[in-house]
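Here's the letter readout for the chains.
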There are 2 protein chains.
Amino acid sequence: MAGGKINIAIAQSGGPTAAINSSLAGAFKAASDNENVGDIYGAINGIEGIINDELVDLRKILTDDENIELLKVTPSTVLGSCRYKLPAKNREENVYIKIINTFERHNIGAFFYIGGNDSMDTVMKLDDYCKAVGKDIKIVGIPKTIDNDLPVTDHTPGFGSAVKYVATTLQEIIRDSRVYSVQSITIVEIMGREAGWLAASTCVLRANGEPAPHLIYLPESDFTIDKYLDDVAEAMKRYRAVIIAVSEGISPDKLPSSFGSELTDAFGHKYLSGIGKYLEKITADHFGCKVRSIELNVMQRCSSHIASLTDINEAFEIGGEAVAAAMRGESGKMMVFSRISNEPYRVAIRPEPVENCANKEKLFPTEWINSDRNNVTTDALNYFLPLIQGEPEIPYRNGIPVHFRLNQ
Amino acid sequence: MAGGKINIAIAQSGGPTAAINSSLAGAFKAASDNENVGDIYGAINGIEGIINDELVDLRKILTDDENIELLKVTPSTVLGSCRYKLPAKNREENVYIKIINTFERHNIGAFFYIGGNDSMDTVMKLDDYCKAVGKDIKIVGIPKTIDNDLPVTDHTPGFGSAVKYVATTLQEIIRDSRVYSVQSITIVEIMGREAGWLAASTCVLRANGEPAPHLIYLPESDFTIDKYLDDVAEAMKRYRAVIIAVSEGISPDKLPSSFGSELTDAFGHKYLSGIGKYLEKITADHFGCKVRSIELNVMQRCSSHIASLTDINEAFEIGGEAVAAAMRGESGKMMVFSRISNEPYRVAIRPEPVENCANKEKLFPTEWINSDRNNVTTDALNYFLPLIQGEPEIPYRNGIPVHFRLNQ
């Protein structure tokens, strides 16, 4: 650390998104542009990289603007991730001591953690510990999750790109489902175990006059099988190809207790199966027509080739604002978006005490679910639309998007 | 039909692709630019639309270049499709009589059928029938299939876009799979029941220095479970996150006879499951590490937002060449690509007698499979690469790609 300068470290945690690297890029750029910042470290595999002192020198890796631009549109976590949750400090203080040792060994005065609910728990515990033991190390959280379930913030970086991928893909599935002259039902299972934001966001297709998905079911929407079958029957009267968007986390009333556990075939082989396959079976049995279910799987969280420019830019900015906040002395905060206006779309970024965000989930508002509990309202549409605007410029080589890679 | 002009009809058949509408657009454009062409009809739901006289006037629908450009990048079949196979003429001649009636009612002198193996069977039978009963109606096939399994032609329209989608998505899955510090195995199931072209094409990632997928298995590659487990064990020594691309049509030696049929859970509910889930179970049982399988499902055939410009343009051109061929008197032909050179990539388009193409499948060449039967050669890479070059300009509205729609 050169005279008076603060070294910093940045880490990424939790499940991948298309925007989590953009927040890393934004934090790095703000730090490298700040004359009070010395070394800029990246920790490998989240907080584990701090505990185990596995750091990389980001100034040697992100050597020019081209690298930074490439990192912004590279999905997943270039530094790796972890699912590690810090123990209570009075139970395993040795973990905290290792962390402080790493910080002190490298003269790190500020640590930035990009992650979701669990990662904000780490920010909170670490900030508490530093304060308790009198270490002046600023700890700031940068939100990310495709689930959009972090409290206080208007939305989370990574969510807009997931919405854009899901809507784009769903629209293509809609085209695909309409080709034959027979009645069909297509069930698309979308990520969201507790909160239905991503499945709800498929309503954005309405903005372009697309009536599908005709039915949208969320964990928040009080799902029953009988009501579902009635809804589908009603939709079949109006549409030859019925499209249904469903959160993976809905809890049908008649779900067998074995659901989510393994299924066994005649040979004793076991198979895991999700809600989409479950509904496919029930629906096909009931209606006897062509039914298929599609799981969008991990593509929902890593499809940077169809990322939202708004999302990528906001993720970059909130990373930079986290650095600015720490440099002016903030700690124990998560950076949040406040929506100032919808048309034109404008947001402000500010630090929020992390205890208001950690270990809490923001569910989809029940007032945005329609009275039939099988779709969402125009207020929801207006909330989602600004988040998916714009397309980042994706560099291609040999016909394939170029990704930033830390190592081969 | 105005004096001396020929009316024509175009139909789309078989499974959707990202390029089948581009061939329709190309055939329409060539026809509308040809002063010898009168009315241009589209048949709804393939040959069924001819049998049932369900035609639309494409000149009233594709009214300007903007419409045509939009149609080129709209996935699936805007006119609908069918899986209808013409009966032998001596068994059900009434079907042929209905077809001829429709042609004569609208003075249709040329019919273009965009489709795969089965559709070329229709072209062949219909051309035979017309010749047998002395009707001067030109019947020309325009190839399409993401399976790339049509004989004679170097490749098929629709395949390049499927390759580009699968490679782009697989690269994102690779990024996603590497985030945690634990050993993992990811199995990606790719379309191809008889021919492994699409799974084989994942080798294109090598062109950008990506070693994954580390293992590639095709229906043509003589798959055994023991050899597979040995291959995976070997790959695990070198890679923390092993990536495996597998054609849906591989036939493991130890596949239970119940495979492909339904699985039953403890409650009597049945579930369908593919080769990916099957290998996931076997792999997890054997290695005990994190294993997941991902099915790319119908997205492989309809993801026009990441289409190959080369593919979209070639699909357009081959549609136009089909019209040119019919206008100079060709019939009973399928249009084919011949590859003239690889660098620079150049192809020629010519008509081929349809009997050389119909009801035949072109498998992936066994000489392009490596000696370990778990990957493909550089010759394969060189064959695939030109097909995925370039990105079409996709129009967006409200952050979502705009699709051409015949009706809401």
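Since we're looking at a predicted model, the values are computed, not measured. (Residues numbered from 1 in each chain as written. Chains lettered and ligands numbered in written order. Predicted model: local features only at pLDDT ≥ 70, side-chain atom pairs only at ≥ 80, totals over all residues. Heavy atoms only, no water.)

Engineer: Quick rundown of the side chain of Thr186(A)? Include the residues and the values.
Structural biologist: Residue and element names in this part refer to chain A. By the element assignment, threonine 186 lies in strand β6 (residues 184-190). In terms of polar contacts, threonine 186 uses its side chain to reach the side chain of arginine 292, at 3.5 Å. Look past the residues within four positions of threonine 186 in its chain and what remains in contact with it is Ile173, Ser177, Val242, Ile243, Ile244, Arg292 and Ile294. (Helix = DSSP H or I, 4+ residues; strand = E, 2+ residues; numbered from the N terminus. Polar contact = N/O pair within 3.5 Å; in protein donor to acceptor, adjacent residues only side chain to side chain. Contact = heavy atoms within 4.5 Å.)

Engineer: Tell me what's going on with the packing of helix α1 (residues 20-32) of chain B against helix α12 (residues 309-327) of chain B, and back it up with residues and numbers.
Structural biologist: All names here are of chain B. The interhelical angle for the contact between α1 and α12, taken along N-to-C directions, is 40°, at an axis separation of 7 Å. Between α1 and α12, the interaxial angle falls into the category oblique. For the element pair α1 and α12, the recorded crossing hand is right-handed. For the pair formed by α1 and α12, the contact residues are Ser22, Ser23, Ala25, Gly26, Ala27, Lys29, Ala30 and Ala31 on the first element and Ile312, Ala315, Phe316, Ile318, Gly319, Gly320 and Val323 on the second. (Axes fitted to C-alpha atoms, helices over the stretch in contact; angles between N-to-C directions. Parallel < 35°, antiparallel > 145°, perpendicular 65-115°, else oblique. Left-handed = near helix turned anticlockwise from the far one by under 90°.)

Engineer: Just give me the short version of the relation of the copies chain A and chain B, but keep the residues and values in it.
Structural biologist: When chain A is fitted onto chain B, the two copies agree to an RMSD of 0.0 Å after a turn of 180° and an axial shift of 0.0 Å. Such a combination of turn and shift is consistent with a two-fold rotation axis. Comparing contact sets, 100% of the residues at the interface of chain A also lie at the interface in chain B, consistent with an isologous, same-surface contact. (Least-squares fit on C-alpha atoms with pLDDT ≥ 70 in both.)

Engineer: A description of the interface of chain A and chain B should follow, citing residues and the corresponding values.
Structural biologist: Across the boundary between the two partners, chain A contributes 76 residues, which contact 76 residues of chain B. The contact between chain A and chain B buries some 6500 Å² in all, and 54% of this surface belongs to carbon and sulfur atoms. At the boundary of chain A and chain B, one finds 4 salt bridges. Between chain A and chain B we count 39 residue pairs in polar contact (both at pLDDT 80 or more) in total. Among the elements of the structure, α7 (159-177), β9 (263-264), β10 (270-271), α10 (275-287), β11 (290-295), α11 (299-302), β14 (396-397) and β15 (400-401) of chain A are those that each provide at least two residues to the side of chain A that touches chain B. Looking at the side of chain A that touches chain B element by element, the count peaks at 9 residues for α7(A). The class makeup of the residues in the side of chain A that touches chain B is 28 nonpolar, 30 polar and 18 charged. (Buried area = accessible area lost by both parts, 1.4 Å probe. Salt bridge = Lys/Arg side-chain N within 4 Å of Asp/Glu carboxyl O. Nonpolar A, V, L, I, M, F, W, Y, C, P; charged D, E, K, R; others polar.)

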